[in-house]
Amino acid sequence: MHKIDMDLVEMTMDVMKYAIDRLSSTQNKIGKPLKEEELKALVGDTITKDGIGGEKAFNLWKKHLTKSNVPIDHPRHLAFVPASPTRAAVMFDLVTSASSIHGAYWMEGAGGIFCENEAMRWMVSLTGLPKGAFGVFTSGGTAANLSAIVTAREYWRSLNEQNKFEKGLIITSIGAHSSVKAMAKVADIDVLLVDTEDRLQASALKDKIRGLTPHQRERLFAVVATGGTTNAGIIDDLEGIANLCEAEHLWFHVDAAYGGGALLADSVRHEFKGIEKADSITIDPHKWMFSPYDCGAVIYKNPELAKQAHAQEGSYLEIFKDEGAHGFNPTDYQIQLTRRVRGLPLWFSLATHGTDRYKEAIERGIELAQIAGRMIDEKPHVELVRAPSLSCVLYRRKGWHAEDYRHWTYENHEKGFALVTPTKWKTGDTFETVSRFCFINPDTTEEDIEAILDSMV
């Protein structure tokens, strides 16, 4: 399996041709998922005692399996938070994999980690955090949020011996990303929610804190605010919340996994005022910084606190503490030991294109949301649920119910036309099913938006 022969050479050429075709294509189709039994009927048994051979396996991938995927970079993929990695980033993802770099310790991956750190310094500079702030790349927002909240919890425990025996408590809003509750379950901490899906105001947070029992207040150690909610692109009252956290001696974490890219945009940068006061920040380059999956990041005001929480010990790891191994070790600052240098594609894309191109592409996503908002206002069969925020647009088709949105989504997907999915928005005490756009890809056109809206007639 590890020898070089003609079969490997030919397979390498086939793979490179596939990659070149994919990178140079401008007419990729939206795939549609098939049921597992349908895929099995098409490809048969692929894992066998003797193997089926690389050529056959690759042909099955090209003929059947790849068509059952939805490319995240399709210009009419406007569901969830899509992605649109630059071609430079995708190319260097190939280089990253082919280079076989273990990105945990400087001793093994100095060159790759150096490049990651160059990209990280740029990201940190966007936040306005004070000198000394730094971060690491993670697998995504969930891992970044978990790394940050474990750091916060361990710091809280270090302040008082009694805290080591208490179950920690954090506060966020119902508009926060699902990963906040997921990582709290992993970290075994409780979550209290402020009942708003709109902008979390410091006043509402203050009321929530005042309503805690004395024991709950003792257990409260952190607040998670959002810098661009996934559902609607809403930025919380970051400055007010930061000041309240400082007064209450609470860790202030900002989940800007989606919205963090907009820190580059002059048109909305002022809306993030207060993020520079955060103790930790999550940003996902694989969302709005045009990196391939998977690439998240966590940034700390005081990285030493993260190192105290996450650095692993083991006799087999002692060599990394030697003088000859000194350098930045990303594994010390987040939950994973083994890691690939997933920040490398971002570094290469930034080095290739420059940061001004990034700013232009992000501003285009914000502009597309505004364009979509105006189109919706002009069409009689649809209406805005709320004003567009960042690159998110929530709108309703007048007269539709939940099943109508779902049927429309599946119908468009089946046709290979577009992937736009419904979501829910809280109005009063009820959650209404509505439709949602999220614009990431600068290649999405006004014609794409109009065609999607017209398909609802």
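Our subject is the structure listed above.
This is a predicted model, so every value here is computed, not measured. (Residues numbered from 1 in each chain as written. Predicted model: local features only at pLDDT ≥ 70, side-chain atom pairs only at ≥ 80, totals over all residues. Heavy atoms only, no water.)

## Comments concerning the overall build of the chain
So, step 1. Along the chain, the regular secondary structure elements total 16 helices and eleven strands.
So, step 2. Here the C-alpha atoms of the chain give a radius of gyration of 23 Å, agreeing with the 23 Å that 2.2 N^0.38 yields for 457 residues.
So, step 3. Structurally, the chain occupies a C-alpha span of about 70 × 65 × 45 Å along its principal axes.
So, step 4. Looking at the chain residue by residue over its 457 residues, the buried ones come to 50%.
So, step 5. Of all intrachain contacts in the chain linking residues separated by at least 6 positions in sequence, the fraction that spans at least 24 positions is 72%.
So, step 6. As displayed, the chain offers around 21,900 Å² of accessible surface, 53% of which is attributable to carbon and sulfur atoms. (Helix = DSSP H or I, 4+ residues; strand = E, 2+ residues; numbered from the N terminus. Rg over C-alpha atoms; globule rule 2.2 N^0.38 Å. Buried < 20%, exposed > 50% of the residue type's maximum accessible area, 1.4 Å probe, protein only. Contact = heavy atoms within 4.5 Å. Areas by Shrake-Rupley, 256 points an atom, 1.4 Å probe, with all protein chains shown as cover.)

## Observations concerning empty space enclosed by the protein
So, step 1. Across all of its chains, the model carries two cavities of 30 Å³ or more by this definition.
So, step 2. In this structure, the largest cavity encloses a volume near 40 Å³.
So, step 3. Counting only elements with at least two residues in the lining of the largest cavity, the list comes to β2 (169-173) and α7 (178-187).
So, step 4. In the lining of the largest cavity, the residues fall into four nonpolar, three polar and one charged.
So, step 5. When its volume is computed, the second largest cavity comes out at roughly 30 Å³.
So, step 6. Lining the second largest cavity are E116, N117, M120, G135, V136, F137, F328, P330 and R339.
So, step 7. Counting residues per element, the ones that place at least two in the lining of the second largest cavity are α5 (106-127) and β1 (134-138).
So, step 8. Across the lining of the second largest cavity, the residue classes tally to five nonpolar, two polar and two charged. (1 Å grid on protein atoms, 1.4 Å probe; cavity = no way out; pocket = protein on both sides within 12 Å on 5 of 7 lines; lining within 4 Å. Points joined across faces, edges and corners; volume = space filled by probe spheres on them. Nonpolar A, V, L, I, M, F, W, Y, C, P; charged D, E, K, R; others polar.)

## Considerations on the sheet that holds strand β6 (residues 280-283)
So, step 1. If you trace the seven strands from one edge of the open sheet to the other, you get β1-β7-β6-β5-β4-β2-β3, paired in mixed fashion. Edge positions in the open sheet fall to β1 and β3 (190-194), since each of these has one partner strand only. Direction aside, the axes of adjacent strands within the sheet are offset by 20° on average.
So, step 2. Taken together, the five bridges between strand β4 (residues 220-226) and strand β5 (residues 251-255) define a ladder with parallel strand orientation. Opposite V223, over in β5, you have F252 as the bridge partner.
So, step 3. Across the sheet, α5 lies against β1, β6 and β7 (296-300), angled at about 120° from β1, the strand it touches most.
So, step 4. Along the sheet face, helix α10 (residues 238-248) touches β4 and β5 and points at about 155° away from the line of β5. (Pairing = 2+ DSSP bridges. Axes fitted to C-alpha atoms, helices over the stretch in contact; angles between N-to-C directions.)

## Quick notes on the layout of surface pockets
So, step 1. Considered as a void within the structure, the largest pocket measures approximately 1,800 Å³ in volume.
So, step 2. Along its surface, the largest pocket is lined by 46 residues, and R22, N28, P71, I72 and D73 are the ones closest to its centre.
So, step 3. Its residues assigned to classes, the lining of the largest pocket shows 20 nonpolar, 14 polar and twelve charged.
So, step 4. Approximately 460 Å³ is the volume attributed to the second largest pocket.

## Topic: the sheet that holds strand β11 (residues 430-438)
So, step 1. One open sheet accounts for four strands, arranged β8-β9-β11-β10; its pairing is antiparallel. Looking at the sheet topology across the chains shown, the edges are occupied by β8 (382-384) and β10 (422-427). Going across the sheet, the axis of each strand differs from the next one's by a mean of 50°, ignoring polarity.
So, step 2. Inspection of the sheet shows β10 paired to β11 by six bridges, in the antiparallel sense.

## A closer look at a nonpolar patch on the surface
So, step 1. A surface patch of nonpolar side chains, about 530 Å² in accessible area, is lined by I4, M6, L8, V9 and M13.
So, step 2. The topology assignment puts I4 in the segment before α1 (6-24).
So, step 3. Owing to a relative accessible area of 73%, I4 belongs among the exposed residues under this scheme. (Patch = residues over 30% accessible without salt bridge, like charges linked within 9 Å, V, L, I, M, F, W, Y side chains within 5 Å. Salt bridge = Lys/Arg side-chain N within 4 Å of Asp/Glu carboxyl O.)

## Topic: helix α4 (residues 87-99)
Spacing of three or four residues puts side chains on the same side of an α-helix, whose turn is 3.6 residues.
So, step 1. The first and last C-alpha atoms of α4 sit 18 Å apart over 13 residues, in line with the 18 Å expected at 1.5 Å per residue.
So, step 2. Within the span of α4, buried status applies to A88, A89, F92, D93 and T96. Projection of α4 onto a plane perpendicular to its axis shows the buried side chains occupying an angular sector of 140°, all on one side.
So, step 3. Those residues of α4 that are buried are in contact with α13 (344-353).
So, step 4. Immediately downstream of α4, the backbone of S100 shows phi near 50°, a positive value. (Expected span 1.5 Å × (residues − 1). Arc of directions from axis to C-beta.)

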